[in-house]
Amino acid sequence: MRIEDVLGNRQRIKILKILNQMGELNVSEIARRIGANHKTTMRHLKILEDDGILQHKMFGRIRLYRFNINSEKAKAIQSLIENWEKTEQRGLAFQNH
């Protein structure tokens, strides 16, 4: 999948940011945090998992999603998110002085 297809959706970006911050979450919690229903959230998670960016593990009927630590794409996205947020924090600190 092309980068613009992965990052061209606001809800997918929110999912990636949340998982980068929280580590791993179940589908219901991800859906709640991005303000989407279960079906829509599952569709986005499937896209990200099919591309190797995310992976899930099962605990009974509960799916926990997290970044795929073996994926270069996942590592690149995590680095992008972390650097972007550091830059935003510096910008806010600069504006407050």
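Before reading on, note that the structure itself is shown above.
If you're wondering where the values come from, they're calculated on a predicted model, not measured in any experiment.

**Student:** So what's going on with the side chain of Asp51? Which residues, and what values?
**Tutor:** Within the secondary structure, Asp51 is located in the loop between helix H4 (38–50) and strand S2 (54–59). A polar contact of 3.2 Å, which involves the side chain of Asp51, links it to the backbone nitrogen of Met1. What Asp51 contacts, discounting residues up to four positions off in sequence, is Met1, Val6 and Lys73.

**Student:** So what's going on with the layout of surface pockets? Residues and values would help.
**Tutor:** One number sums up the size of the largest pocket: a volume of about 220 Å³. What lines the largest pocket is simply Leu7, Ile13, Leu16, Lys17, Ile77, Leu80, Ile81, Trp84, Glu85 and Glu88. Residue assignment for the lining of the largest pocket shows that the elements contributing at least two residues are helix H2 (10–22) and helix H5 (72–95). Tallying contributions element by element places H5 first for the lining of the largest pocket, with six residues. Class assignment for the residues of the lining of the largest pocket results in seven nonpolar, no polar and three charged.

Each value, and the rule that gives it
Residues numbered from 1 in each chain as written. Predicted model: local features only at pLDDT ≥ 70, side-chain atom pairs only at ≥ 80, totals over all residues. Heavy atoms only, no water. Helix = DSSP H or I, 4+ residues; strand = E, 2+ residues; numbered from the N terminus. Polar contact = N/O pair within 3.5 Å; in protein donor to acceptor, adjacent residues only side chain to side chain. Contact = heavy atoms within 4.5 Å. 1 Å grid on protein atoms, 1.4 Å probe; cavity = no way out; pocket = protein on both sides within 12 Å on 5 of 7 lines; lining within 4 Å. Points joined across faces, edges and corners; volume = space filled by probe spheres on them. Nonpolar A, V, L, I, M, F, W, Y, C, P; charged D, E, K, R; others polar.

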